[in-house]
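# Topology and contacts: notes
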Amino acid sequence: MSESAEMLERLPAAYRSQVEEVLISRERIAEKLDELAGAIDRDYAGEELLLVGVLKGAIFVVADLHRRLGVPSSVDFMAVSSYGSATTSSGVVRILKDLDAEIEDRHVLVVEDIVDSGLTLDYLLKNLRSRRPASVEVLSLLTKPSRREVDLPIRYVGFEVPDVFVVGYGLDFAEHYRGLSDIVTLKPEAYGG
Ligand code: PRP
C-alpha cells in the first residue's frame, strides 16, 4: 500500500470516501507543536502566559499546545461569529462568548487553527489590546497568505497552506470533520465544489 493510501486508511471509515488527500499528517502536526512550544518556552521564560483559544476550530491546537508548554500557562476561550458566507468572513464580528478572565497586565497568546482573510483576528486583536494586556501575540497552526486582506503580525505559524479547502484537526465543513486527527482536503463533491 502506498504511503498516501495508508494515511487514508487511518481515517474513520465514515469520512474516508470524502477525503481527497492527507495534506498534513498527525505526526507532522505533533512535531510542529513540539517546535512551537519550545519557541514559546524560550520567549516567555520567567513569565506566565494566558492562552486564548478561538472557538471552535482552535480546540485541539489549544489542548495539544497547552500540555506541551513548560512555562506556567492557563487557558481561556472566546467564541466569535463573523457575518459572512459559509466559507468567507466579512470582518464584522460579534462576540458570542467573552473571556472569563481579566487580561490587564497579562501576557496573552491568541491561538487559532487558521488565519484566512485575517479579518476575524484583526477584530480580536484590536478588542484584546483595548483591555491593556502586558502583551498580545498570535499562534496559528495554519495560514493562507494568499487570502489575506489585512496585514497581521502572527508570531508563531505552523504551516502555510495554499488556497484549498482544508478540514480536520479542528477545522470543519458544516460542523463535520473537526475530529479528524490529520488535516485533509475534501473531494469537491463533498462540499459542493
Ligand atoms: C475560522 C477560523 C478563524 C477564522 C479565520 O473560524 O477558526 O477564526 O475562520 O477566517 P478569517 O481569517 O477569514 O477571518 P470559523 O468562523 O470557521 O468558526 P469555527 O472555528 O467555529 O469553525
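In case you missed it, the structure is sitting above this.
Read on for a plain summary of the structure.

So, on to the overall build of the chain. Each helix and strand counted, the chain has five helices and nine strands in total. Helices and strands appear in the chain in the N-to-C order α-α-β-α-β-α-β-β-β-α-β-β-β-β. Dimensions of the chain along its principal axes, counting C-alpha atoms only, are 55 × 35 × 25 Å. When burial is assessed residue by residue, the chain has 46% of its 193 residues classed as buried. Restricting to contacts in the chain with at least 6 residues of sequence separation, those with at least 24 account for 65%. A total of about 9600 Å² of accessible surface is found on the chain, and carbon and sulfur atoms cover 48% of it.

So, about the sheet that holds strand β5 (residues 107–115). Strand pairing within a sheet occurs via backbone hydrogen bonds; the two strands may be parallel or antiparallel. On the basis of which strands lie adjacent, the open sheet formed by six strands has the order β4-β3-β2-β5-β6-β7 and mixed pairing. Pairing within the sheet leaves two strands with one partner each, and these edge strands are β4 (93–97) and β7 (156–160). Direction aside, neighbouring strands of the sheet carry axes that sit 30° apart on average. For strand β2 (residues 49–55) and strand β3 (residues 73–82), the ladder comprises seven bridges, and the chain directions are parallel.

On to helix α4 (residues 59–66). Every α-helix carries 3.6 residues per turn, so stepping three or four residues along brings you back to the same face. Those residues of α4 not exposed but buried are Val61, Val62, Asp64 and Leu65. Looking at the buried residues of α4, the elements they touch are α3 (26–43), β2, β3, β5 and β6 (135–143).

The rules behind these values
Residues numbered from 1 in each chain as written. Predicted model: local features only at pLDDT ≥ 70, side-chain atom pairs only at ≥ 80, totals over all residues. Heavy atoms only, no water. Helix = DSSP H or I, 4+ residues; strand = E, 2+ residues; numbered from the N terminus. Buried < 20%, exposed > 50% of the residue type's maximum accessible area, 1.4 Å probe, protein only. Contact = heavy atoms within 4.5 Å. Areas by Shrake-Rupley, 256 points an atom, 1.4 Å probe, with all protein chains shown as cover. Pairing = 2+ DSSP bridges. Axes fitted to C-alpha atoms, helices over the stretch in contact; angles between N-to-C directions.

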